[in-house]
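If you want the building blocks of each chain, they are given just below.
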Amino acid sequence: MLKLRNKKQIKAIMFAFIALLFGILILFNLLSNSTDSKFTFFNSNGTIFNNFDFKVLDIFYRLAVKHGAGPKASFSPEIIYLNITDETYNFFDKNYLDRKDMADLNNALSQMRTQAVIYDIIFARKSSEKSDLAFYQSLERLGNVYLPTALILSEKPSKFRWKEDKAHDRIKSDYLGIPHETGIEPNNIDKTPSYLIWNWWIDKEKRSSPFYAVKALTQQNDFAIKAKGSGDISAKADADGIYRHITMVVKIDDKYFPTLSLAVFLDWAGISLDDVKIEWGDKITIPLKNADDVIIPIDKQGRTFIPFVQRMGKDFSYTSVNNFLSKFQDEDLRGNLLEQFEGNFVFVADIAIGTSDLGHTPLQNDAPLVITHASLLNAMLTNTFYKEWAFTKILLVIFLFITLMALASIPRASFFIYGIGIFIILFVPIFTWFEILSFNLFPVVTVTAINSLSLFVFIIVLETSGSKERLFIRNTFARYVPEKVVNTLLAEPEMVKLGGEERIVTVLFSDIENFTSISETLSPTELVNLLNEYFTEMSEIIMKNGGIIDKFQGDSIMAEFGVPLPVKNHPDMAVTAALQMLKRLSELREIWKQKNTIEKKPYELYCRIGINTNNMIVGNMGSKSVLDYTVIGDAVNLASRLEGANKNYGTYLMISEFTYAQLTVGRFKTRILDYVRVKGKTKPVRVYEVYGQVIDGEEDFNFRYTRQLVNQDSNKGDKEDYYQLYRNGFEAYLAQRFIQATALFKQALNLRPEDKASIGMLDRISKLEKSFYLDKDWDGSIKLMSK
């Protein structure tokens, strides 16, 4: 059966569990509202993902691409880079980009029957009139040219600065749209407590927070008029400088302007921006007429993760402008160009040294940023995007992991919490890898960090609560309990109920005979040394037999058996310990005599022992600052009384009928002594002397270790005869056969002439005979008036 931790530790685990859950919610809420992108745990898009997550995901992403498990390039239509390189400038024999040369390029492309020509260049100002005219005419001839617009963006609602020119008029009239939106407006957020407790993290990712365009850098007016379309080419890197995301739509006043690749794709698909559906914090849906809808995962700002196919040059076909024009001028090679370019999308970009926009991507350092637009268009053509795990799903997974660790903390075996914790920590990266292969992005670092923190918290809670309990157990029991028992309690602390409980326990009291007289003959130092040696020897015997030392009081010892660990044979253990104590004390007397360092009297130490077994209250008792693990109750008082009653009978080991009833039959040599009533009680109790035991078939008698006077030369039969005579005499006494009882006790005295028990019984019978009559409720018992 699975053993669980104690209630106190389980409560601590549950408290840690709840604290972790609420702490994570509060932490996420606080950090997600941070405005400092360098130090916020979250990105500004309100997701749990942070820079460390993306850096690790970059590694997984590169591995997936390396092993052919990344995004695939579109084959119909294809994407082609037409690059302006250093060789291109050499080809034109110019150190600037002459629009006349670009006109020649457009004129050549007009014969390639391309799907679209997409410039990653803004021709914002006029150049020579001749070159501008040539370029203008080439745009008109080509007819499918997209000329980009660069927007200046703001995360706060801003008014767009319109200019009175044809380029801005074209934006307003042809390029803006009003897609279908679903999402929570920031000004319509519920502020009720139920929202704050339950819904804030759901609303946070669904809340629309689009970028707002402040102003635009446009194409020259004449060029803007002749372009087929336009879109935003502004690029914003993540906080760590890596270009991983691109903004799909930007808000201009109350309408939206698409990114360049989205504008190209919508025109190719014959879809208006007004037909697009935007679910902020979730996805953009582009309904296609004869194919599956294109689903673009976005965050609340409308950004999507760019699915780069490969490093630039390995992702799509490419050629330089000079190479293209050279082949075009050769009529034999022009057919090859037509085959390569027909029906495909062509990106024209200036990637010459010192002229191009460069940036780091997950796959490449210093990549021309035209790759972001080409990769995005490819993703829409193939309907292949990476979806970042939703905020709420991540929280649910984190809560699941924390719940598993909390449950694993409840079993007593630490293997569970360490095993589950390590498993979860190792599982997350493996899970992340398979998610990458499924085009899902999981915040591996964040989840691993939270899992590690949670594991650390649970371990600290267990160690702290456990250490306090172990310290208490060690402080309470270590000096007075066998090491084996202490180790068991440390391993299973719940076996000790730190409150009170009622249990059947055997309690032992021992006291040194005539100690007051002995102490008067010794100096304080000698007395302390003597007691320390005596207590040490007796304590070792008690603990060896499974008992615990409750306390030392003066020259007396109080010990219990059957606590704190429950055992079935604790009466046997207590009586065995008592017999060994008497035997060891006789050996110590001989040792002390041989030392001959002090007077003879102190060496004659004898102890009396009383034992009782019954229900007692067991637990920690005392003040808030000082506690003692002990037992209380009438049964404890009876044991103490029995220890003192020994002197009335000349015995050294007396047990109650309750202990006697639970002893192993045949293991100990016992005789009934009397029928007594302790002070304050009306019901009498039979008491017995234990005068020996059977060890490996051999009988061992106590009188060899005490002052009891027995003819040591008499045989075994004579010794047993004495005890049998006393038993028979006591039975006759209880049966009110006093003459027979008197005769039997006298015979017993013949075998043990100074036996106090027999002398006392004869004296009692004599007084009864003189009283002429007995009370009708006479039961033969005698009151014990003192200890």
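Residues numbered from 1 in each chain as written. Predicted model: local features only at pLDDT ≥ 70, side-chain atom pairs only at ≥ 80, totals over all residues. Heavy atoms only, no water.

(A) Fine view of the packing of helix α18 (residues 524–544) against helix α19 (residues 570–595). Close contact between α18 and α19 brings their axes to 10 Å; oriented N to C, the two are set at 150°. What the angle tells us is that α18 and α19 run roughly antiparallel. Seen along the crossing, α18 lies across α19 with a hand that is right-handed. Residues L530, E533, Y534, E537, M538, I541, I542 and K544 of α18 pack against A577, Q580, M581, R584, L585, L588, W592 and K595 of α19. Of the residues assigned to the contact of α18 with α19, the class counts are 10 nonpolar, 1 polar and 5 charged. (Axes fitted to C-alpha atoms, helices over the stretch in contact; angles between N-to-C directions. Helix = DSSP H or I, 4+ residues; strand = E, 2+ residues; numbered from the N terminus. Parallel < 35°, antiparallel > 145°, perpendicular 65-115°, else oblique. Left-handed = near helix turned anticlockwise from the far one by under 90°. Contact = heavy atoms within 4.5 Å. Nonpolar A, V, L, I, M, F, W, Y, C, P; charged D, E, K, R; others polar.)

(B) Examining the pattern of salt bridges more closely. Scanning the model with the defined rule gives 27 salt bridges in all. Between R671 and E689 there is a salt bridge, with its nearest N and O atoms 2.6 Å apart. You can see R671 sitting in strand β26 (residues 668–678) and its partner E689 sitting in strand β27 (residues 685–695), a full 18 residues away along the chain. Since its relative accessible area comes to 1%, E689 is described here as buried. (Salt bridge = Lys/Arg side-chain N within 4 Å of Asp/Glu carboxyl O. Buried < 20%, exposed > 50% of the residue type's maximum accessible area, 1.4 Å probe, protein only.)

(C) Region of the structure containing the environment of K544. Inspection of the secondary structure puts K544 in helix α18. Sequence separation of K544 and M573 is 29 residues, and the distance between their C-alpha atoms is 9.5 Å.

(D) Inspection of helix α14 (residues 415–437) at higher detail. With 23 residues, α14 ought to run about 33 Å at 1.5 Å a step, and its terminal C-alpha atoms sit 33 Å apart, in line with that. Within α14 the residues assigned to the buried category are I417, G421, I424, V428, T432, E435 and I436. Positive backbone phi, at 65°, marks F439, one or two positions downstream of α14. (Expected span 1.5 Å × (residues − 1).)

(E) Expanded view of the sheet that holds strand β14 (residues 317–320). Across the sheet, which stays open at both edges, the 5 strands sit in the order β3-β2-β15-β1-β14 with parallel pairing between neighbours. Each edge of the sheet is formed by a strand with only one pairing partner; in this case those strands are β3 (145–146) and β14. Sheet analysis places strand β1 (residues 79–84) next to β14, joined by 4 bridges and oriented parallel. Considered in β14, the bridge of L82 is made with T319. (Pairing = 2+ DSSP bridges.)

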